[in-house]
Structures are given as C-alpha cells and as structure tokens.
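For reference, the chains in residue letters:
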Amino acid sequence: MGALEQVDPEVAAMIRHEEQRQQTVLEMIPSENYASAAVIEAVGSVLTNKYAEGYPGARYYHGNEFVDDVEDIARKRATELFGVDHANVQPHSGTQANMAVYLGLIKPGDTVMGLKLDAGGHLTHGSPVSASGMLYNFVSYGVDRESHLVDYDEMHALAKEHRPKILVVGATAYPRLWDFKRAREIADEVGAILMADMAHIAGLVAGGAHPSPAGLAQVMTTSTHKTLRGPRGGMVLCDRDLRRQIDRGVFPGSQGGPMMHVIAGKAVMLKEAATAEFSQHAHQVVANAKALAASLMDTGMTLISGGTDNHLVLVDVRPMGLNGVQAADALEAAGIVVNSNPIPFDTLPPREGGGIRFGTPAITSRGLVEEDMKFVGQAMARVLAAPTDQGVLAAVKREVQEICAKHPAPGIPA
Ligand SMILES: *Cc1c(COP(=O)(O)O)cnc(C)c1O
C-alpha cells in the first residue's frame, strides 16, 4: 500500500483498521465472506480505467481487445459452472441484476410474485421502499406459521389468482432448501417466467451443496460476493431465448459502462469456484451450519424452522427477552458479528427485529470445522444470556481472538 499511504494516509489507515477488524472477529453475517488475494488483485487493477459500454464485439468505445477477452472468459466460466446458456456478468450488484431482469422482461405495472420480506424475501422482491415495489405490482407469498417452510400451496393459489409475468423464488433470510421443480410447475401453469434469485446460495449451488435451479428457472440472478466469495457485484444467467432481453435490461436499460476490473475479479472467482477445493468448502459451510444449529439448540435457543439446510441460521431472540438489535450489539461487543433480522410473523418493528441472522460462509473460509461450532454456539449463548455483563463480553472476546489468531482469514495482508 505504498502509494496510498503516501497520497492519503488517512484513508490508508482506515483500510488497515478494517483489515485488522476483519482478521480479529468471527464474521458471521451470512452474506459476507473473504475474497481471495487473487480476486482482490484483479479488482485493484488498471482495468478500472477502461470504458466498455456494450458487450464483447459490440462496444461503443475503442481499445477493447483485452477487456473483451476478460468479459468473454468470465461469461464462459459462468455458463460452464452453472450449466446455463447465457451469462451477463456486468450487473454492479445483486440488486442491479434483479432490476435488469424486470426491466428486460416486463413492463412497469406488470404483476410479479416474490417472497414476503418478513419471511426472508429481499427488498428487490417488491418492497415498497425499493424501485421493484414502486414500478411493478408485486404480490407476496409467505411461509407456514408452524414449519416456517415456504408455503407452496399459497404460492400456487396466489399465482392462479394474480397470474404474474415473473415468479421470483430465493431469499435473503431462509434457512431451508427451495423446491425449484414445484415452483416451475406453478410458473408454467400460469404462464410465468421462473426467476431464481440465488444471491445467498450461489456458492453452495456452484459447489454442489444445494440443489441447482439450472434447467428449472429460465432466469437466475446472483450477487457475486456472498457464498461465491468473489468481488462485490452481480450476474444474470438465463436461457438462450431470453438473452437479448436480459442483456438490454442490463445495458442500456439500467447501467452504463461495466466495471471491467470487477468483471476480471468475477472471472477469477468463477475459476476458483469450479475447483474440487471449492466444492469441498461449500459442503463444509453446510456441515458447519448444521453443527452450529445443533450447538445452539443444545443451549435452548429457538431456531426459525428448527434448524438449517444451508449456510445460515435465524434465531428468535424474543424468548431471551431481547430484540435483534440488542442481541447483535452484545455479540459484536464480544467479537461475533451478526445482523438483526425480522423473523416470520414478527411481533417487533423491522428496525429492531425479533431475530438475529448469521451463518458459516466466512468462518469456514478461514478454516473452522464442525468441532469449532460447539465453541461458537456456546460463546453466543453465554453472551445472549448476559448481554450487558462486561466481564462475560470481555472473556468471550478474548477466546474469539484466540481462535481467529489460529485461523487467519484469507486475502488479508499480514
Ligand atoms: C443480497 C441479495 C440481493 C442483492 O444483492 P446486493 O449485491 O446487495 O445488491 C438480492 N437478492 C437476494 C436474495 C439477496 O440476498
């Protein structure tokens, strides 16, 4: 960081502090991860200088011979990894990917169906504060009150009643597997396109640790920085016949020049995600989440849906006399970073949330395995049982720092 230190020591110091924070906490926000040093090097390259509006072979600027190669290899690796016809690797984020799909495939005012926010759906699945909810007529399905599983019967009934143009499946806070086959049957019955937003689970899908929507969903969207462990960004994957509409929805529909340095980082991530090591990692993420869920339930905690099938866990913290923010604040003070989250049929306002959401992707990237999950679960329980006891918080924090020191996070300079 020589140049940055010289030009801007203030920002250089802020980055060093953040490196140190990431290295010394248990990062358990399930949408976060550690990009590899190779991914970060690609993102920090001179490709940031290049304007490349358009697509390889059809650009609006000149001098694209090398960035065309970069985008081509990223697209090729994405289609091979996920077994799809076409990939658009330009979306700046998962949100941009979703908005580009809507823009490309339907008209403002058209009906779309997605999962309710408090059941784990994402803002871009029709929240009134998101452009998705302002521009399109979203109808929401939910989860069952007892099992907390997606209510496919409700999805079916609502689809027949409202006849959406797009049926969105996928979530930001759902600990169980999706039945993509059932969703496709429902979509087909009402003539809707099935869109699988796999932002959270894409790395598990790539590694074979979660069923893939490929071949069932005509469109798949994802963020690239969550379980995929790439640079911050998004992608759309789709069937051949939707290619033109999707590409136009991204550019010129909703974005200008692509971030070629980030696309290079996505290409590197896609190479890494195709390896046997990554597949093993993805399975370890799930094994760790299951072990963590078991450890938490042993301490008496209430888990939404009673456990997990994927990388994340949602805990109802109300029985402990807390709201989500109080619980997350206490855990952060002890070096365990999670986020407060609404839970199904929540009785607390979204600002507080009745739950906390956390997962194993990042801690698995730093090498923690099932045996470590007993410690993590018990540490969380100790904190949540005494959230204002400074002695307990300090003791847990010391133990967290010890385990972090034993398992350095990848991609962070020493
Ligand atoms: C994270 C997420 C997104 C949006 O991703 P950003 O990259 O933060 O814009 C979209 N959908 C789901 C289900 C997500 O979890």
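Residues numbered from 1 in each chain as written. Predicted model: local features only at pLDDT ≥ 70, side-chain atom pairs only at ≥ 80, totals over all residues. Heavy atoms only, no water.

Draft legend 1. View of helix 11 (residues 260-273). End to end, helix 11 covers 20 Å across 14 residues, agreeing with the expected 20 Å (1.5 Å per residue, within 8%). When we look at burial in helix 11, the residues that qualify are Met-260, His-261, Val-262, Ile-263, Ala-264, Gly-265, Lys-266, Ala-267, Met-269, Leu-270 and Ala-273. Where helix 11 is buried, its residues contact helix 3 (37-43), strand 3 (58-59), helix 4 (65-82), helix 9 (202-206), strand 10 (234-238) and helix 12 (276-298). (Helix = DSSP H or I, 4+ residues; strand = E, 2+ residues; numbered from the N terminus. Expected span 1.5 Å × (residues − 1). Buried < 20%, exposed > 50% of the residue type's maximum accessible area, 1.4 Å probe, protein only. Contact = heavy atoms within 4.5 Å.)

Draft legend 2. Layout of the sheet that holds strand 11 (residues 302-303). Pairing in this open sheet of 4 strands is antiparallel, and the strands run 11-12-15-14 from one edge to the other. Strands with a single pairing partner mark the edges of an open sheet, and in this sheet they are strand 11 and strand 14 (339-341). Both strand 14 and strand 15 (residues 355-359) contribute to a ladder of 3 bridges, which runs antiparallel. Pairing of Asn-341 across the sheet is with Gly-355, part of strand 15. Set on the sheet, helix 12 makes contact with strand 11, strand 12 (312-316) and strand 15; between it and strand 12 the angle comes to about 20°. (Pairing = 2+ DSSP bridges. Axes fitted to C-alpha atoms, helices over the stretch in contact; angles between N-to-C directions.)

Draft legend 3. Molecular detail of the sheet that holds strand 6 (residues 137-141). If you walk across this open sheet you meet the 7 strands as 4-10-9-8-7-5-6, and the pairing is mixed. Single-partner strands in this sheet number two, and they are strand 4 (86-88) and strand 6. If you compare each strand with its neighbour and ignore which way they point, the axes differ by 20° on average. Together, strand 5 (111-115), strand 6 and strand 7 (166-169) form the strand contacts of helix 7 (residues 152-162), whose direction differs from that of strand 6 by roughly 155°.

Draft legend 4. Layout of the environment of Asn-137. Mapped onto the elements, Asn-137 comes out in strand 6. A sequence separation of 111 residues divides Asn-137 from Arg-248, and the C-alpha atoms of the two residues are 22 Å apart. Apart from residues no more than four positions distant in its own chain, Asn-137 is found in contact with Gly-109, Asp-110, Thr-111 and Val-112. Polar contacts involving the side chain of Asn-137 include one to the side chain of Thr-111, which spans 2.8 Å. (Polar contact = N/O pair within 3.5 Å; in protein donor to acceptor, adjacent residues only side chain to side chain.)

Draft legend 5. Structural context of the nonpolar core. In terms of nonpolar packing, the biggest core is built from 60 residues, with Phe-82, Tyr-141, Val-150, Met-155, Leu-167, Val-169 and Trp-178 touching the most fellow members. Element by element, the count of residues in this core is highest for helix 11, at 7 residues. Both domains that meet at this core, namely domain 1 (40-273) and domain 2 (280-406), each give it at least three residues. Setting aside chain neighbours within four positions, we find Val-169 in contact with Tyr-141, Met-155, Trp-178, Phe-180, Ala-183, Leu-194, Met-195, Ala-196 and Asp-197. (Core = buried A, V, L, I, M, F, W, Y, C linked by side-chain atoms within 4.5 Å. Domains from an automatic or database assignment.)

Draft legend 6. Just the site of the ligand, in detail. Taken together, 13 residues surround the ligand, and among them Gly-94, Thr-95, Asp-197, His-200 and Lys-226 come closest. Here Gly-94 contributes a backbone N or O atom positioned 2.8 Å from an oxygen atom of the ligand. The separation between an oxygen atom of the ligand and a polar side-chain atom of Ser-223 is 2.9 Å. The biggest single contributor to the shell around the ligand is helix 5 (residues 94-105), with 3 residues. Among the residues forming the shell around the ligand, the class breakdown is 2 nonpolar, 9 polar and 2 charged. (Near = heavy atom within 4 Å. Nonpolar A, V, L, I, M, F, W, Y, C, P; charged D, E, K, R; others polar.)

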